[in-house]
Amino acid sequence: MLALALERAQPGDARVKTLLADIEGAVIASATGSHWEEPERDYYNFFGNTRSSSIALLALARLDTKNAMNPNVVRWLMVARSGDWWETSHETAWASLALSEWLERSGDKNPSYRWRAALNEETLIQGDEKAPGETVAVD
């Protein structure tokens, strides 16, 4: 949050890069993605690993959009869900905010790919997903 506030108050401040390096240095990488962990659960202040990882992703999405670690944080947040939400409504709000920010800034909001649904290797339907305003062809 400090990196976000400092960049807003003093755009281009060199200390923001230092703060981002500190964030990157504390990441925990695993097979399920990258995240940050709190030393202990603080229920009074709503601290938790999902919240901390979401805030870190929010900062990275805004201040270092092309950071190679961002997709791994997204992966971890998606794995951390229980169904369609996270452990608490507070964590769900932070994760939703961070993921929507990353989606907006990464360009993944504007898809461009081909898809196909098949049953026993027989194509049932296929098509192209394009950015809004572009034509979508379905065969």
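These figures come from a predicted structure and were not determined experimentally.

For the coordinates displayed, the defined rule picks out four salt bridges. Two residues, R15 and D13, come together in a salt bridge whose shortest N-O distance is 2.7 Å. Overall, D13 belongs to the buried group, its relative accessible area being 16%. A salt bridge links E101 to R105; the nearest nitrogen and oxygen atoms lie 2.3 Å apart. Pair noted here: E101 and R105 are both in helix α5 (residues 89-106), with a separation of four residues, about one helical turn. In this structure R105 comes out as partly exposed when scored by relative accessible area, which is 41%. Linked through salt bridges whose partners overlap, the residues forming this network are R62, E101 and R105.

By size, the foremost hydrophobic cluster in this structure holds 24 residues, and its most contacted members are I23, W36, L57, L60, V73, L77 and L99. Residue assignment for this core shows that the elements contributing at least two residues are α1 (2-9), α2 (14-25), α3 (49-63), α4 (70-79) and α5. In terms of residues, this core owes the most to one element, α3, which gives seven residues. Contacts of L77, omitting those with residues within four sequence positions, involve T50, S53, S54, L57, W86 and L99.

Criteria and cut-off values
- Residues numbered from 1 in each chain as written.
- Predicted model: local features only at pLDDT ≥ 70, side-chain atom pairs only at ≥ 80, totals over all residues.
- Heavy atoms only, no water.
- Salt bridge = Lys/Arg side-chain N within 4 Å of Asp/Glu carboxyl O.
- Buried < 20%, exposed > 50% of the residue type's maximum accessible area, 1.4 Å probe, protein only.
- Helix = DSSP H or I, 4+ residues; strand = E, 2+ residues; numbered from the N terminus.
- Core = buried A, V, L, I, M, F, W, Y, C linked by side-chain atoms within 4.5 Å.
- Contact = heavy atoms within 4.5 Å.

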